[in-house]
Amino acid sequence: QVQLVESGGGLVQPGGSLRLSCAASGRFFSINAMGWYCQAPGKQRELVAIITSGGSTNYADSVKGRFTISRDNAKNTMYLQMNSLKPEDTAVYYCNLNDVRGYDYWGQGTQVTVSS
């Protein structure tokens, strides 16, 4: 069974920073890619950033230049460094793991609230 555990969310003022972590454990096939998604109230879940097994990254236009995704393969852990946070970044952030079979696994989500 695969477990993805997110941490690092919280309340931050506009312009502040947070770093989210996602630790993967359990038995899973080789990873194709891992990513962060967010879901704001009343909206669909959407991609924030993704990193492939080869290290290639892609970001939503709304976070380019502010967020950085990274992985520590030895620890099966993924990170999202979030800088210059805006109120519109407020959402539940979910960790995703996509394996080479095309299976998707999801974490439980961590709340990020940007407010003064």
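Refer to the preceding data block for the structure.
Residues numbered from 1 in each chain as written. Predicted model: local features only at pLDDT ≥ 70, side-chain atom pairs only at ≥ 80, totals over all residues. Heavy atoms only, no water.

Student: Could you clarify how one ought to interpret the environment of R71 in this entry?
Tutor: Take R71: it is sitting in strand β7 (residues 67–72). Here R71 falls in the partly exposed class, since its relative accessible area comes to 22%. Sequence separation of R71 and C22 is 49 residues, and the distance between their C-alpha atoms is 9.3 Å. Reaching out from R71, the side chain makes a polar contact with the backbone oxygen of T52 at a distance of 3.5 Å. Of note is the side chain of R71, whose polar atom sits 2.8 Å from the side chain of N73. (Helix = DSSP H or I, 4+ residues; strand = E, 2+ residues; numbered from the N terminus. Buried < 20%, exposed > 50% of the residue type's maximum accessible area, 1.4 Å probe, protein only. Polar contact = N/O pair within 3.5 Å; in protein donor to acceptor, adjacent residues only side chain to side chain.)

Student: Would you mind showing me how to read the side chain of N96 here?
Tutor: If you trace the backbone, N96 turns up in strand β9 (residues 91–99). One polar contact links N96 to D104, side chain to side chain, over a distance of 3.2 Å. When residues no more than four places from it in sequence are discounted, the contact partners of N96 are L4, A33, M34, G35, Y37, M78, D104, Y105 and W106. (Contact = heavy atoms within 4.5 Å.)

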